[in-house]
Amino acid sequence: MSSAQQTSTDSDTESTDYGDFEFIVVSNRLPVDRVTDDDGSSSWRRSPGGLVTALAPVMAKADGAWVGWHGAPDETLDSFDEANMRLVPVPLSGEEVELYYEGFSNATLWPLYHDVIASPEFHRTWWDSYRRVNERFAQATAAVASKGATVWVQDYQLQLVPKLLREARPDLRIGFFNHIPFPPLEIYAQLPWRRQVIEGLLGADLIGFQRPSDASNFLRCVRRFKGHTIKAQQVHVTSENGEFAYVSRAEAFPISIDASAIAALAQREDIIERSREIRRELGNPQHILLGVDRLDYTKGIGHRLKAYGELLEDGDITVEDAALIQVASPSRERVEQYRLLREDIEGSVGRINGTYDTMKNTAIRYLHHSYPVEEMVALYLAADVMLVTALRDGMNLVAKEYVAARTENRGALVLSEFAGAADTLRQAILVNPHDIDGLKAAIVKALTMPRAETMRRMRIMRRQVLQNDVERWSKAFLDALHDGGRGES
Ligand code: G6P
């Protein structure tokens, strides 16, 4: 690769051991799920999800490897090949799962980066574990990267990896993408390790964010806590002694979905039939509303239920006319805030259903499961109205999936302005989910909007999503990573 550089001046005795892979993705989780077959033997299956779909062709073309945790504690696995890529498992002990993953990643960074909707906890033991695990990910990556390889680090669990990698392997070209929001300076400032995290990220040549506002939040923090010169979106990173070292760029690259795959599923006869069956099973109500979320406090499920409960109380909606399906997939169940949230949400669902259900009809069909993509698409097809009421969300891919699945251009999307998707899906019915009256009005508007108007809006949104799919996103990022040059002095 063009950025390959000699790490030693003596070309015969290079000090670095290079690996075999030209393109490496690094993420907390490997993109595979372990499946146990009938005979008890286990194998791996590629997990559903846009990122792996987008990167699979890049992986197959370059010599690609994916470095990540395979999801089980206290288990060390050898590297293996699956779906045209080398998978490199990074082991985590039970204690590290508790301190690095559940602790620092999901009870410190996650709430801090999502506008402190829940209170972040700051513990030095969690930070120590985060640092150590990030070091292990960086080492595993450095060991497999060929000379001058491209490495793409994903998300908030691994923010220290770019700097660690740059130090170990200055020949690499390093990208980082933050899938979640980057908070405003006034919130980020709470983090006791705010300088170290910024230094970690600045190890990347290119730092990608979901929204332009995330990139500008980050750049403000860089200016405040590191004092580097910033021109446009370029940070002039200096070394310890204050000399210019290299340029790191921060830009927005809004992520997307494999839109044509979702659209193709939405046209499959068996999936269309399943969507009809779902409607029948609910008693063929006039309206079906749908919410699909990980059971996470950032998703605003409670606000949605409150609005829905009040609409039932006011008589604007009846259980004979409308049903809300709420899929809440289990998530991070050992983290306290998530346990409390589950109790809260299930309490609300129970109260609303207890009050309004009849023998025949239910107000809310609550499903604490995750489903295969085929069933999700059947649900999208069955739903007249999709409710995305996140209090803060990096992007929200469910909103884009719903749009991609509506091949007949029908259906209405109620979308929180606090989700990254609101930047591009401007024809959605945009809401501030904290404003319960506004949310109720938006739901009524979605239920009563003339068909011609819903179709006009959906057509524009579908064009947007189908054109800007996840493949285009990854290409845009990787092109920018390569076009930018290393900017070294
Ligand atoms: C968000 C994060 C991902 C994470 C996913 C599921 O989308 O941005 O990095 O993988 O949630 O969360 P989990 O903790 O189960 O990996």
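Residues numbered from 1 in each chain as written. Predicted model: local features only at pLDDT ≥ 70, side-chain atom pairs only at ≥ 80, totals over all residues. Heavy atoms only, no water.

(A) Spatial organisation of the site of the ligand. Taken together, the residues surrounding the ligand are Arg29, Tyr101, Asn106, Asp155, Tyr156, Gln157, His179, Ile180, Arg294 and Arg332. Contact between the ligand and Asp155: an oxygen atom at 2.5 Å from a side-chain N or O atom of the residue. For the ligand, an oxygen atom lies 2.9 Å from a polar atom in the side chain of Arg332. Across the shell around the ligand, the residue classes tally to three nonpolar, three polar and four charged. (Near = heavy atom within 4 Å. Polar contact = N/O pair within 3.5 Å; in protein donor to acceptor, adjacent residues only side chain to side chain. Nonpolar A, V, L, I, M, F, W, Y, C, P; charged D, E, K, R; others polar.)

(B) Seen up close, the sheet that holds strand 17 (residues 412–416). Across the sheet, six strands lie side by side as 15-14-13-16-17-18; this open sheet has parallel pairing. Each of the sheet's edge strands pairs with one partner strand only, and the pair in question is strand 15 (364–367) and strand 18 (429–431). Averaged over all pairs of adjacent strands, the angle between their axes in this sheet comes to 20 degrees, without regard to strand direction. As judged from the four bridges shared by strand 14 (residues 322–329) and strand 15, these two strands associate in the parallel manner. Among the inter-strand pairings, Ile325 is bridged to a residue of strand 15, identified as Arg365. Sheet strands touched by helix 13 (residues 397–405): strand 13 (287–294), strand 16 (385–388) and strand 17. Its angle to strand 17, the strand with the most contacts, is close to 165 degrees. (Pairing = 2+ DSSP bridges. Helix = DSSP H or I, 4+ residues; strand = E, 2+ residues; numbered from the N terminus. Axes fitted to C-alpha atoms, helices over the stretch in contact; angles between N-to-C directions. Contact = heavy atoms within 4.5 Å.)

(C) Expanded view of helix 3 (residues 124–144). Over its 21 residues, helix 3 extends 31 Å from the first C-alpha to the last, a length consistent with the 30 Å expected when each residue adds 1.5 Å. Looking only at helix 3, the buried set comprises Trp126, Trp127, Ser129, Tyr130, Val133, Asn134, Phe137, Ala138, Ala140, Thr141, Ala142 and Val144. (Expected span 1.5 Å × (residues − 1). Buried < 20%, exposed > 50% of the residue type's maximum accessible area, 1.4 Å probe, protein only.)

(D) Highlighting the packing of aromatic side chains. Evaluation of the coordinates by the stated rule reveals 23 aromatic pairs. For the pair Phe104 and Tyr130, a centre-to-centre distance of 4.6 Å together with 45 degrees between the ring planes defines the contact as tilted. Of this pair, Phe104 sits in helix 2 (residues 94–113) while Tyr130 sits in helix 3, and the two are 26 residues apart along the sequence. Classification of Phe104 as buried rests on a relative accessible area of 0%. Exposure remark for Tyr130: the relative accessible area of 0% places this residue in the buried category. An aromatic cluster of at least three residues, connected via ring pairs, comprises Tyr113, Phe182, Tyr188, Phe209, Phe218 and Phe225. Looking at Arg166, its charged tip hangs above the ring of Tyr246, at a distance of 3.5 Å from the centre. (Phe/Tyr/Trp six-rings, centres within 6.5 Å; stacked < 30°, edge-to-face > 60°. Lys NZ or Arg CZ within 6 Å of the ring centre and 35° of its normal.)

Any link to function would need more than the numbers given here.
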